[in-house]
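# Observations on chain architecture
What follows is the residue order along each chain.
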Amino acid sequence: MLFQPALLEGAFIVEPEPFRDERGFFARTFCTREFEARGLVCNFVQHSISSTVRKGTVRGMHFQTPPHAEVKVVTCTRGAIFDAIVDLRRTSPTFLEWQGFELTAENRKRFYIPEGFAHGFQSLTDDVEVSYLISAFYAPESASGIRHDDPLIGIEWPLSVNSISEKDRNWPPFNASAAPFPA
Ligand SMILES: Cc1cn([C@H]2C[C@H](O)[C@@H](COP(=O)(O)OP(=O)(O)O[C@H]3O[C@@H](C)C(=O)[C@@H](O)[C@H]3O)O2)c(=O)[nH]c1=O
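Keep in mind that what you see is a predicted model, and the values were worked out from it rather than measured.

Conventions and cut-offs
Residues numbered from 1 in each chain as written. Predicted model: local features only at pLDDT ≥ 70, side-chain atom pairs only at ≥ 80, totals over all residues. Helix = DSSP H or I, 4+ residues; strand = E, 2+ residues; numbered from the N terminus. Rg over C-alpha atoms; globule rule 2.2 N^0.38 Å. Buried ≥ 20, exposed ≤ 12 C-beta atoms within 10 Å, placed from the backbone. Contact = placed C-beta atoms within 7 Å. Near = placed C-beta within 6 Å. Nonpolar A, V, L, I, M, F, W, Y, C, P; charged D, E, K, R; others polar. Pairing = 2+ DSSP bridges. Core = buried A, V, L, I, M, F, W, Y, C linked by C-beta atoms within 7 Å. UniProt positions renumbered as here; feature names shortened; annotations may be inferred. Axes fitted to C-alpha atoms, helices over the stretch in contact; angles between N-to-C directions.

### Details of the overall build of the protein
Of the regular secondary structure elements, the protein holds two helices and 13 strands. Against the globule reference of 16 Å for 183 residues, the protein gives a C-alpha radius of gyration of 16 Å, in line with a compact fold. Looking at the protein residue by residue over its 183 residues, the buried ones come to 33%. In the protein, 79% of the contacts between residues at least 6 apart in sequence involve partners at least 24 apart.

### Overview of the site of the ligand
If you check the shell around the ligand, you find 13 residues, and the closest are R59, G60, H62, H119 and Y138. Elements with a minimum of two residues in the shell around the ligand: strand 5 (46-52), strand 6 (58-64) and strand 11 (117-123). Here the residues of the shell around the ligand are counted per class, giving three nonpolar, seven polar and three charged.

### Remarks on the pairing of strand 12 (residues 128-134)
In summary, the side chains of a regular strand alternate between the two faces of the sheet. In this structure, strand 5 lies alongside strand 12, joined through seven bridges in antiparallel fashion. Note that in strand 12 the partner of S50 across the bridge is V130. Inspection of the sheet shows strand 7 (residues 72-78) paired to strand 12 by six bridges, in the antiparallel sense. Along strand 12, the bridge assignment pairs V73 with L133.

### Thoughts on the nonpolar core
If you look at the biggest cluster of nonpolar residues, it comprises 32 residues, and the most contacted ones within it are A11, I81, I85, V86, I113, F117 and A118. Taken together, the elements giving at least two residues each to this core come down to strand 6, strand 7, strand 8 (80-87), strand 9 (98-104), strand 10 (110-113), strand 11 and strand 12. Of the residues forming this core, the biggest block, five residues, is contributed by strand 8. Once residues lying within four places of it in the same chain are set aside, the contact partners of I85 are L8, A11, W98, Q99, I113, F117, A118 and H119.

### Topic: the UniProt feature "active site" (unreviewed entry) in the protein
As annotated by UniProt and renumbered to match this structure, "active site" (unreviewed entry) occupies H62 and Y132. In three dimensions, the annotated residues from a span of 71 residues occupy one location, with a maximal C-alpha spread of 13.1 Å. You can see H62 is positioned in strand 6. The contact partners of H62, leaving out residues within four places of it in the chain, are A118, H119, G120, A143 and G145. Classification of Y132 as partly exposed rests on a count of 19 C-beta atoms within 10 Å. Every residue in contact with Y132, bar those within four places of it in the chain, is listed here: S48, K72, V73 and V74.

### Focus: the sheet that holds strand 10
Spatial ordering of the open sheet is given by 1-2-10-7-12-5, a layout of six strands whose pairing is antiparallel. Both edges of this open sheet fall to strand 1 (2-5) and strand 5, since each of them pairs with a single strand only. Direction aside, the axes of adjacent strands within the sheet are offset by 25° on average.

Below you can see the structure in the form of structure tokens.
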């Protein structure tokens, strides 16, 4: 597996390294030994998927506040997405910066997102499926978010946004002085 550090410290793009033969290939997509060797979290307690019907849809930007903060490993198993994170760690040199990557069913890249980040994506095709490994149980009372178009962050989404949930449309402007990370 290949681990490419993202600009925002602690996040990685993880790529499988296929062993190819005439039948196709075999590749590891997750390995506790390789994750632990880089100090990455391995104790995932949920594997979840979402399906998104229309190109241009945005989901996010989501996080769970401590003590239910989550590490996520995100991959796109059908179609393509622009996957984005925002650093919400007050003590980080990249506090409030964002970074995005294209994850597609073809490139099989995984985005390792540590605690302290908001996460969201935009579908770049119709009929998208996204898969998540998540390190904490869903805790609705700790579920929080910031607006995908918060001017404080300025995420540049590749497409105009044509579908977003009521919840995600109504996150309040992010209050940087009240950022919940570190706990
Ligand atoms: C996230 C989540 C949602 N749900 C329920 C709550 C709700 O009724 C329904 C849909 O939830 P949402 O609208 O939050 O789904 P969605 O907007 O797809 O939420 C996801 O967005 C992306 C960006 C992430 O990073 C994920 O971790 C997750 O927060 O599913 C769970 O039961 N368990 C979960 O872990």
